[in-house]
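Architecture and fold: a report
Spelled out from the first residue to the last, the chains are:
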Amino acid sequence: MSTTKIGLIGAGGVAARHARVLSGLPGVQVSGVTDVVPEAARRLADEHGAQVYADTAALLDSAPDAVYLCVPPFAHGDTERAVIAAGLPMFVEKPIAVDHGTAAEIAALVETGKVLTAVGHHWRYLPVVERAREVLAGRPVRLITGSWLDKTPPVAWWPIGGRSGGPVVEQAAHVLDLARHLAGEVDEVAAYGNGTPPAVEGADVDGATTAILRFASGAVGTLAATCVLGWKHRAGLEVYADGLALSLTETELVIRDGDGVETVRCEPTDGHVGVDRAFVRAVRGEEDDIRVPYAEALRTHELALAVALSAAEGRAVTPGAVRA
Ligand SMILES: NC(=O)c1ccc[n+]([C@@H]2O[C@H](COP(=O)([O-])OP(=O)(O)OC[C@H]3O[C@@H](n4cnc5c(N)ncnc54)[C@H](O)[C@@H]3O)[C@@H](O)[C@H]2O)c1
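Okay, so let's go over this structure. (Residues numbered from 1 in each chain as written. Predicted model: local features only at pLDDT ≥ 70, side-chain atom pairs only at ≥ 80, totals over all residues. Heavy atoms only, no water.)

Section: the overall build of the chain
Cut-off, in case you're wondering: Comment: elements are numbered from the N terminus, with helices defined as DSSP H or I runs of at least four residues and strands as E runs of at least two. Values of the radius of gyration come from C-alpha atoms, whereas the globule rule sets the reference at 2.2 Å times the count of residues to the power 0.38. In this scheme, a residue with accessible area under 20% of its type's maximum is buried, one over 50% is exposed, and one in between is partly exposed, where area comes from a 1.4 Å probe on protein chains only. Whether two residues are in contact is decided by their heavy atoms, any of which lying within 4.5 Å being enough. Note on areas: these come from Shrake-Rupley sampling with a 1.4 Å probe, and a residue is covered only by the protein chains present in the view.
The helix and strand inventory of the chain stands at ten helices and 14 strands. Computed over the C-alpha atoms, the radius of gyration of the chain is 20 Å, within 12% of the 20 Å expected from 2.2 N^0.38 for a compact globule of 324 residues. The dimensions of the chain, computed from C-alpha atoms along their principal axes, are 55 × 45 × 40 Å. Every one of the 324 residues in the chain was classed for burial, and the buried ones make up 51%. In the chain, the share of contacts with a sequence separation of at least 24, taken over all contacts with a separation of at least 6, comes to 67%. By element, 52% of the accessible surface of the chain is carried by carbon and sulfur atoms, the whole surface being about 13800 Å².

As structure tokens, this is what we get:
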């Protein structure tokens with residue numbers, strides 16, 4: 001098996017996680033790292049025996065087999081354009097942008113250039129999510145309640161709406177992606193923000209957001225998100241169908257029906273490894289098990305933006321409204 005060389009753009013928290021996972025996959029080498037903060041690139045490159053490159057252009061010149069974009073939400077756009085122009089497969093971390101225009105433009109370039117893409121919605125690779133889908137097959141979802149109840153992450157850009165997109169776009173998007181995965185498309189949302197930012201310097205995002213979701217299937221749902229706790233309290237979904245209740249987190253699925261209760265467990269790393277392995281296998285042409293290519297992530301991004309728009313404007317909106 002020839003070595004698959006991966007370049008990393010952005011060398012922060014999530015890049016370190018991908019580098020660890022990728023370095024543990026057979027036949028994969030983290031070959032290069034670049035970051036606008038050169039010391040960050042140097043630190044991560046040294047851990048994995050990779051080269052440091054001054055910028056994206058230099059990293060692309062080194063001819064990796066594929067590239068990971070692990071930059072903050074506000075930094076998407078130019079990097080994707082450069083990777084697409086180089087014709088390389090790209091793994092993009094969520095959220096794919098802070099706005100809709102950038103993401104839609106990149107999606108069009110990806111489609112025209114037939115670029116192999118994956119986006120970091122790794123929950124879809126969790127065994128508990130796969131099992132939830134199996135259990136729900138043929139049993140229409142009636143009700144979903146999703147939540148992301150957490151602290152404010154300690155990166156400077158996070159509590160600033162124009163930099164991160166806000167808590168729903170940046171964080172609760174994982175739950176919205178799963179809601180789509182389990183119950184189909186949402187055709188209208190009505191959301192409210194509580195108008196008070198978390199007690200963190202420079203914060204301008206809502207400390208709490210709630211939303212009502214109406215699915216095209218007729219299912220209904222809610223989302224609750226807060227970033228004012230000092231710990232990760234809960235991130236997950238409750239899903240209800242006739243005679244069936246599921247409670248799903250990144251580590252556990254509890255299935256209850258008329259016959260009793262069954263609990264299935266897994267590790268978050270199952271998703272982290274699954275999403276990277278699937279991307280690498282697709283890059284090598286071995287198997288296409290990419291569950292969230294860029295176009296699919298755009299649908300989740302549109303839903304998250306619709307929740308944010310509804311909360312900002314105090315009116316119900318369709319996910320399509322964010323395309324206007
Ligand atoms: N899928 C997941 O579970 C998961 C987990 C954590 C983070 N994320 C996502 O990953 C993204 C990054 O998060 P993070 O925690 O690693 O942030 P971070 O701030 O720790 O790291 C981002 C890095 O990107 C660098 N950077 C900024 N602009 C750049 C550019 N134009 N070119 C190159 N480097 C640039 C920064 O200097 C920084 O080192 C966010 O969108 C976040 O939501 C996803």
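Once the structure has been displayed, the description carries forward.
Examining the site of the ligand
Under the convention used in this document: One heavy atom within 4 Å of a molecule or strand is enough for the residue carrying it to be called near that molecule or strand. In protein, a polar contact requires one atom able to donate a hydrogen and another able to accept it; more generally it is a pair of N or O atoms within 3.5 Å, and residues adjacent in sequence count only if both atoms are side-chain atoms. Only Asp, Glu, Lys and Arg are considered charged in this grouping, and only Ala, Val, Leu, Ile, Met, Phe, Trp, Tyr, Cys and Pro are considered nonpolar; every other residue, Gly among them, is considered polar.
Within the structure, the ligand sits among 24 residues, and Val14, Asp35, Lys94, Trp157 and Glu170 are positioned closest to it. In this structure, Gly13 approaches the ligand through a main-chain N or O atom, which is 3.0 Å from an oxygen atom. Within the backbone of Val14, an N or O atom sits 2.9 Å from an oxygen atom of the ligand. Expressed as a share of its isolated accessible area of 850 Å², the protein-covered part of the ligand is 81%. For the shell around the ligand, the elements supplying multiple residues, two or more each, are helix 1 (13-23) and helix 8 (167-183). No other element matches the three residues that helix 1 contributes to the shell around the ligand. Residues of the shell around the ligand, tallied by class, amount to 13 nonpolar, six polar and five charged.

Remarks on helix 2 (residues 38-48)
Our working definition: The arc in question is the one traced by the directions running from the helix axis out to the C-beta atoms.
Taken as a whole, helix 2 has its buried residues at Ala40, Ala41, Leu44, Ala45 and His48. Looking straight down helix 2, one finds its buried side chains confined to an arc of 125°; they lie on one side. Facing away from the buried side of helix 2 by more than 90 degrees, the exposed set consists of Pro38, Arg43, Asp46 and Glu47. Elements that come into contact with the buried residues of helix 2 comprise strand 1 (4-9), helix 1, strand 2 (28-34) and strand 3 (51-52). Residue Gly49 follows helix 2 closely and has a positive phi angle near 65°.

Some remarks on the environment of Trp231
Along the polypeptide, Trp231 turns up in the loop between strand 10 (220-226) and strand 11 (234-241). The residues contacting Trp231, other than those within four sequence positions of it, are Leu149, Asp150 and Lys151. Within the structure, Trp231 has its side chain in polar contact with the side chain of His233 (distance 2.9 Å).

Observations regarding the pattern of salt bridges
Two side chains that carry opposite charge are able to pair once their charged atoms sit near each other. Worth spelling out the cut-off: The rule for a salt bridge is simple: a side-chain nitrogen of Lys or Arg has to be within 4 Å of a carboxyl oxygen of Asp or Glu.
Tallying each qualifying case throughout the model produces 23 salt bridges. Linking Glu296 and Arg124 is a salt bridge whose minimum nitrogen-to-oxygen distance equals 2.8 Å. Of this pair, Glu296 sits in helix 10 (residues 294-313) while Arg124 sits in the loop between strand 6 (117-119) and helix 6 (127-136), and the two are 172 residues apart along the sequence. Glu296 sits in the partly exposed class, given a relative accessible area of 23%. Several salt bridges converge on common partners, so that one network encompasses Arg124, Asp177, Arg180, Glu185 and Glu296.

Overview of the sheet that holds strand 6
What counts is decided by this rule: A pair of strands is labelled paired if DSSP reports no fewer than 2 bridges between them.
Reading across from one edge, 3-2-1-4-5-6 is the order of the six strands in this open sheet, with parallel pairing throughout. Each edge of the sheet is formed by a strand with only one pairing partner; in this case those strands are strand 3 and strand 6. Examined bridge by bridge, strand 4 (residues 66-69) and strand 5 (residues 90-92) share three bridges and lie parallel to one another. Each residue of the ladder has a partner; that of Tyr68, found in strand 5, is Phe91.

Some details on the packing of aromatic side chains
This is how it is decided: Only Phe, Tyr and Trp rings are paired, with Trp represented by its six-membered ring, and only when their centres lie within 6.5 Å; those with planes under 30 degrees apart are stacked, over 60 edge-to-face, the remainder tilted.
Under the definition given, this model contains four aromatic pairs. Relative to Phe91, the ring of Tyr68 lies with its centre 4.4 Å away and its plane at 10°, an arrangement referred to as stacked. Of this pair, Tyr68 sits in strand 4 while Phe91 is found in strand 5, placing the two residues 23 residues apart along the sequence. Judged by relative accessible area, Tyr68 falls into the buried class, the value being 0%. When the centroid spacing of 5.5 Å and the interplanar angle of 85° are considered together, the rings of Tyr68 and Phe279 count as edge-to-face.

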